[in-house]
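Commentary on secondary and tertiary structure
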Amino acid sequence: MVKTIFIILHNCLQAQVIRWPPAVLCYICGREYGTKSISIHEPQCLKKWHQENDMLRKHLRRPEPKKPEVSPIQAKGFYDLDSLNEAAWISAQNQLVPCDICGRTFLPDRLIVHQNSCKPKPAM
């Protein structure tokens, strides 16, 4: 997916196109990073994930997220960025934990905060 912005100049027939560089999703946190910085981010994100996971109650701890495997689609070894991002998004969404009361999903550290205020719906 290439992000594009069209800037239409006031009272002018010209349009300027600005393209952002392609972005890659982190398979751990689901945030977008540039193709050069994702390799720097992922080890740091995984380290942070381990620290946060170790601080959770035992029943909320999750297995370590695995980097999705996407096969190269060209002879030169390039990856299909859309397929890679889709697999990373699914992996990041699998990190979410459902609330026992309302069923909404949260990151485990946010689930604890949510459960302090979550109330079951009254029976009708």
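So, how was this worked out
- Residues numbered from 1 in each chain as written.
- Predicted model: local features only at pLDDT ≥ 70, side-chain atom pairs only at ≥ 80, totals over all residues.
- Heavy atoms only, no water.
- UniProt positions renumbered as here; feature names shortened; annotations may be inferred.
- Helix = DSSP H or I, 4+ residues; strand = E, 2+ residues; numbered from the N terminus.
- Disulfide = S-S within 2.5 Å.
- Buried < 20%, exposed > 50% of the residue type's maximum accessible area, 1.4 Å probe, protein only.
- Salt bridge = Lys/Arg side-chain N within 4 Å of Asp/Glu carboxyl O.
- Polar contact = N/O pair within 3.5 Å; in protein donor to acceptor, adjacent residues only side chain to side chain.
- Contact = heavy atoms within 4.5 Å.
- Core = buried A, V, L, I, M, F, W, Y, C linked by side-chain atoms within 4.5 Å.
- Expected span 1.5 Å × (residues − 1).
- Arc of directions from axis to C-beta.

Some details on the UniProt feature "domain: C2HC/C3H-type" (unreviewed entry) in the chain
Residues annotated by UniProt as "domain: C2HC/C3H-type" (unreviewed entry) correspond here to residues 22–51 and 95–124. Regarding residues 22–51, the helix share stands at 47% and the strand share at 20%, and the terminal C-alpha atoms are separated by 30 Å.

Remarks on the state of the cysteines
Overall, the coordinates contain zero disulfides when judged by the stated rule. Left without a disulfide partner, Cys26 is nearest to the cysteine sulfur of Cys29, which lies 3.7 Å away. Residue Cys26 is classed as buried on the basis of its relative accessible area, which comes to 0%. This cysteine, Cys102, is not joined by any disulfide, and Cys99 carries the nearest cysteine sulfur, 3.8 Å off.

Points about the pattern of salt bridges
This structure, assessed with the given rule, holds three salt bridges. One salt bridge in this structure joins Glu42 and Lys67, with 2.9 Å as the shortest N-O distance. Here Lys67 lies in the loop between α1 (38–55) and α2 (81–93) and Glu42 lies in helix α1, a separation of 25 residues in the sequence. Across the pair Glu52 and Lys48 runs a salt bridge, and its minimum N-O distance is 4.0 Å. Residue Glu52 and its partner Lys48 are located together in helix α1, separated by four residues, close to a single helical turn. Take Lys48: its relative accessible area is 44%, and that puts it in the partly exposed class.

Digging into the side chain of Asn53
Relative to the assigned elements, Asn53 resides in helix α1. There is a polar contact of 3.0 Å between the side chain of Asn53 and the backbone oxygen of Arg62. In this view, Asn53 contacts Leu60, Arg61 and Arg62; residues no more than four positions away in its chain are not counted.

Some thoughts on the nonpolar core
Counting ten residues, the largest nonpolar core consists of Val24, Leu25, Cys26, Tyr27, Ile28, Ile38, Cys45, Leu46, Trp49 and Ala88. It is α1 that provides the largest number of residues to this core, a total of four residues. With seven residues, the next largest nonpolar core counts Leu60, Val97, Cys99 and Phe106 among its residues.

Observations regarding the side chain of His114
Mapped onto the fold, His114 is located in helix α3 (residues 108–117). Apart from residues no more than four positions distant in its own chain, His114 is found in contact with Cys99, Cys102, Arg104 and Phe106.

A short note on α1
Its 18 residues place the ends of α1 25 Å apart at the C-alpha level, agreeing with the 26 Å of an ideal helix rising 1.5 Å per residue. The set of residues buried in α1 consists of Ile38, His41, Glu42, Cys45, Leu46, Trp49 and Asn53. Viewed along the axis of α1, the buried residues span an arc of 130°, placing them on a single side of the element. Of the residues in α1, the exposed ones pointing more than 90 degrees away from the buried face are Ile40, Pro43, Gln44, Lys47, Asp54 and Met55.

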